[in-house]
Amino acid sequence: MMLKLNKLLMISSIALALGACDVDKTEDGEMPDVDADAGELPEYEVKKTDEGELPDIDVEGGEMPEYDVDVADVDVGTETKKVEVPTVDVTMPDEEEGEEEEDDR
């Protein structure tokens, strides 16, 4: 009996290993539309009969795990560049014109 069970187990393992396949998703699925009536919850009257209290807990400090992380080596530096700034000419209106516009309002 044990020999038959071992053979069955071995054959099942081989069949599982050979039958494994690669699956590629070709299309997104869609959940069905479901209309459900929420119904009504029964009404309860709740009265607090005791104040209750939280348990006393003693906590000691733990220790975080340590990790060795290999990160990229980044060199950061500065470089001086000369940038031309355009000249902007601004012509302001005469004060007399501004007063006349205020009078027209």
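Read on for a plain summary of the structure.

Analysis parameters
- Residues numbered from 1 in each chain as written.
- Predicted model: local features only at pLDDT ≥ 70, side-chain atom pairs only at ≥ 80, totals over all residues.
- Heavy atoms only, no water.
- Helix = DSSP H or I, 4+ residues; strand = E, 2+ residues; numbered from the N terminus.
- Buried < 20%, exposed > 50% of the residue type's maximum accessible area, 1.4 Å probe, protein only.
- Areas by Shrake-Rupley, 256 points an atom, 1.4 Å probe, with all protein chains shown as cover.
- Salt bridge = Lys/Arg side-chain N within 4 Å of Asp/Glu carboxyl O.

1. Notes on the overall build of the chain
So, point 1. Counting secondary structure elements, the chain contains two helices and zero strands.
So, point 2. In the chain, buried positions account for 0% of the 105 residues.
So, point 3. A total accessible area of about 13100 Å² is found for the chain, and carbon and sulfur atoms account for 52% of it.

2. Re the pattern of salt bridges
So, point 1. What the rule picks out here adds up to three salt bridges.
So, point 2. With its nearest N and O atoms 3.6 Å apart, the salt bridge here joins Lys47 to Glu45. For the pair shown, Lys47 and Glu45 are each scored as exposed.
So, point 3. Residue Lys81 pairs with Glu79 through a salt bridge whose shortest N-O separation is 3.6 Å. Each member of the pair, Lys81 as well as Glu79, carries the same accessibility label: exposed.

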